[in-house]
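Fold and geometry: a report
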Amino acid sequence: MPEAIDATDKPTPRRKPKPEKTTIGGRTLKPSTLMMGYGYDPLLSEGSLKPPIFLTSTFAFESAAAGKRHFEGITGKRAGGAEGLVYSRFNGPNQEILEDRLGIWDGAEDALTFSSGMTAICILMLAYVAQGDVIVHSGPLYAASEGFVAKVLSKFGVTYVDFPAGATREEIDTVLERARDHAARQGGKVAMVYLESPANPTNALVDVEAVRDARDAVLDPSCPIAIDNTFLGPLWQHPLKHGADIVVYSLTKYVGGHSDLVAGSIAGARRWMDPVRALRNTMGGIVDPNTAWMLLRSLETVELRMQRAGENAAKVCAFLRDHPKVEGLGYLGFITDPRQQDIYRRHCKGAGSTFSLFIRGGEAEAFRFLDNLTIAKLAVSLGGTETLASLPAAMTHLSVPDERKKALGITDNLVRISIGIEDPDDLIADFEQALAYV
Ligand SMILES: *Cc1c(COP(=O)(O)O)cnc(C)c1O
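Residues numbered from 1 in each chain as written. Predicted model: local features only at pLDDT ≥ 70, side-chain atom pairs only at ≥ 80, totals over all residues. Heavy atoms only, no water.

Before going further, it helps to spend a moment on the packing of helix H4 (residues 117–128) against helix H8 (residues 270–283). Contact pair H4 / H8: the axes reach a minimum separation of 9 Å and the direction vectors enclose 110 degrees. Viewed along their axes, H4 and H8 adopt a mutual orientation that is roughly perpendicular. Packed against H4, whose contacting residues are Ile 123, Leu 124, Leu 126, Ala 127 and Tyr 128, the element H8 presents Arg 271, Trp 272, Pro 275, Val 276, Leu 279, Arg 280 and Met 283 at the interface. Broken down by class, the residue content of the contact of H4 with H8 amounts to 10 nonpolar, no polar and two charged. (Axes fitted to C-alpha atoms, helices over the stretch in contact; angles between N-to-C directions. Helix = DSSP H or I, 4+ residues; strand = E, 2+ residues; numbered from the N terminus. Parallel < 35°, antiparallel > 145°, perpendicular 65-115°, else oblique. Contact = heavy atoms within 4.5 Å. Nonpolar A, V, L, I, M, F, W, Y, C, P; charged D, E, K, R; others polar.)

Ordered in space as S3-S9-S8-S7-S6-S4-S5, the seven strands form an open sheet in which the pairing is mixed. Here the strands that pair on one side only, and so sit at the sheet edges, are strand S3 (110–114) and strand S5 (159–164). Each neighbouring strand pair of the sheet contributes to a mean axis angle of 20 degrees, computed without reference to strand direction. Where strand S8 (residues 246–250) lies against strand S9 (residues 264–268), five bridges are found, and the strand directions are antiparallel. Looking at the pairing, Val 247 lines up with Ala 267 of S9. In the packing of helix H6 (residues 169–185) onto the sheet, contacts are made with strand S4 (134–139), S5 and strand S6 (190–196), and the angle to S5 comes to roughly 175 degrees. Helix H7 (residues 208–218) contacts S5, S6 and strand S7 (225–228) of the sheet and is inclined by roughly 160 degrees relative to S7. (Pairing = 2+ DSSP bridges.)

Once that is clear, we can look at the nonpolar core. Membership of the largest hydrophobic core comes to 89 residues, with the highest contact counts inside it found for Phe 355, Leu 357, Phe 369 and Val 415. The element that contributes the greatest number of residues to this core is helix H9 (residues 289–321), accounting for 10 residues. Apart from residues no more than four positions distant in its own chain, Leu 357 is found in contact with Leu 320, Val 326, Gly 328, Leu 329, Phe 369, Asn 413, Leu 414, Val 415 and Ile 417. In this structure, Ile 135, Val 149, Leu 153 and Val 158 belong to the second largest nonpolar core, which totals 26 residues. (Core = buried A, V, L, I, M, F, W, Y, C linked by side-chain atoms within 4.5 Å. Buried < 20%, exposed > 50% of the residue type's maximum accessible area, 1.4 Å probe, protein only.)

A few words now on the sheet that holds strand S13 (residues 388–390). The strands that make up a sheet pair up through hydrogen bonds in the backbone, lying either parallel or antiparallel. With mixed pairing, the five strands of this open sheet are ordered in space as S10-S11-S14-S13-S12. Strands at the two margins of the open sheet, each flanked by one partner only, are strand S10 (326–330) and strand S12 (377–378). In this structure, S10 lies alongside strand S11 (residues 354–359), joined through four bridges in antiparallel fashion. Paired with Val 326 across the bridge in S11 is Ile 359.

With that settled, the discussion passes to the side chain of Asn 203. Here Asn 203 is to be found in the loop between S6 and H7. At 3.0 Å, the side chain of Asn 203 and the backbone oxygen of Gly 330 are in polar contact. Non-local contacts of Asn 203, meaning those with residues more than four positions away in its chain, are made with Pro 198, Gly 330, Tyr 331, Leu 332, Gln 340, Thr 354, Phe 355 and Arg 416. (Polar contact = N/O pair within 3.5 Å; in protein donor to acceptor, adjacent residues only side chain to side chain.)

Set out below in structure tokens:
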């Protein structure tokens, strides 16, 4: 008789030691320290200091029993997902390291990465809605997010109710009550409260704490609050600390930070991530290994880059504030409205580096300003190392009906600027000479 093959259920060798050390003595290590090594053990990859890029579609199981155990995790027979790597539509080493490191910034238990910010947002919403449900969202949202809710989810019997970003607790209560009653009449529920703060391009802030209190008072606790934190995260705003359940990013912006990739993520408690992970396993849409590797490199400098961009923006805005060709600034560092000021004080750690500049005049004057910038590039997007400028009314928001543009304050002279990490005095000199053409 041949010797029986040992099929005992041996533990899978781990890519990383768990739980990993995130403290020294009593001291909790800061994200900027953990970005250099957290979640990766070089000794499991030939000593390679940086993680190799794992270009493989599938992963070999060490035994048949291990394969079964992994699939129990993948299919949800056992909670908490797969313990090991199975197939690259589900996960891979580069993506897992990235997800572990992204979670650190928001103090999240778990994170999921996607091939774009919009893939993250669409799969997140799809995972939570059913026919007859209502999504409540703050307004305005990133145009594609608003479009997905209004034009795509509506095809499947999902409706929405929105409220202006700056709404008070009383106003939010009223909207949630209306949405709850409306959902009940349709045989559904309020499936998600979806926020974006600050709103683009108005920079209006949402009071996340008030939304959390309103949800707790009016809705079922199984309704998650998700928030798109692309404009201030991961450095200047941590919404999970203020009552949000799920934080959403376009990693294309500040996290990627070099205008050379497209990716997205969500983070939160594992129980909020699990339904989304299951749908991502089915649909795909996970970030690819190469982009994940690029993002790991980006995360090592995200704090440095955002700090510098934030300091630059403060200097540029201080110059622009009193310039005779400037009608006004929508910059979080110069909020005048007392309620917005109060939200800023409670929720934000910095004013960011993306703001609105109102040129004195209309579209013609704004075009003259834009066409004469030399350092700043004319492009949409934000959060990169280079300064970008655009005119939302004529570009990103061109298709928004005039009435809605007016309601949102998107005027013909509103120039959107994302400040980069160039020398601040060079930037000021560029803005000064371009304003001379107005
Ligand atoms: C860019 C952006 C998105 C979409 O992200 P992509 O990576 O381009 O898909 C979503 N929300 C906000 C606030 C954004 O700026």
